[in-house]
Amino acid sequence: MSFKDQISANAGYMRELRKAMPETFAGFMELQKAATVDNALSKKQKEFVALGIAVAIRCEGCILSHVAALVKAGATREELVDVLGMSVQMAGGPGLSYSAKALAIFDELTAEG
């Protein structure tokens, strides 16, 4: 399954979860909205922080989501690799594995064609 397909599947899972627990889901979405507003850090910078945390805690769905958000925010491959380097430094060997996956997701989402 491609990463694009995985992102789509994950979105479907989230829709089902939202139906099952609408108040909790809505509260989380309000938190996400408030946390990602451009302030001292831009939305893109905050997405890089979120990606670093996602790699460190090994959350595949989070990695898919935050890489996709970074692509939409105009992140470059060079910026992504720099953040992934810090993620590896903080998470060790598992961070290396999940960083490789994050880079592969970015490459697929930004591939021409």
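Criteria and cut-off values
Residues numbered from 1 in each chain as written. Predicted model: local features only at pLDDT ≥ 70, side-chain atom pairs only at ≥ 80, totals over all residues. Heavy atoms only, no water. Helix = DSSP H or I, 4+ residues; strand = E, 2+ residues; numbered from the N terminus. Buried < 20%, exposed > 50% of the residue type's maximum accessible area, 1.4 Å probe, protein only. Polar contact = N/O pair within 3.5 Å; in protein donor to acceptor, adjacent residues only side chain to side chain. Contact = heavy atoms within 4.5 Å. Core = buried A, V, L, I, M, F, W, Y, C linked by side-chain atoms within 4.5 Å.

Tracing the backbone through its elements, the reader meets H66 in helix α4 (residues 60-72). Under the relative-accessibility criterion, H66 is labelled buried at 18%. Of the polar contacts made by the side chain of H66, one reaches the side chain of E47; its length is 2.5 Å. Non-local contacts of H66, meaning those with residues more than four positions away in its chain, are made with E47, A50 and L51.

In this structure, L51, I63, V67, L80, L84 and I105 are the most contacted members of the largest nonpolar core, which totals 20 residues. With near-sequence residues (within four places) excluded, I105 lies in contact with F3, I63, L64 and V67.

In short, geometric facts, not functional conclusions.
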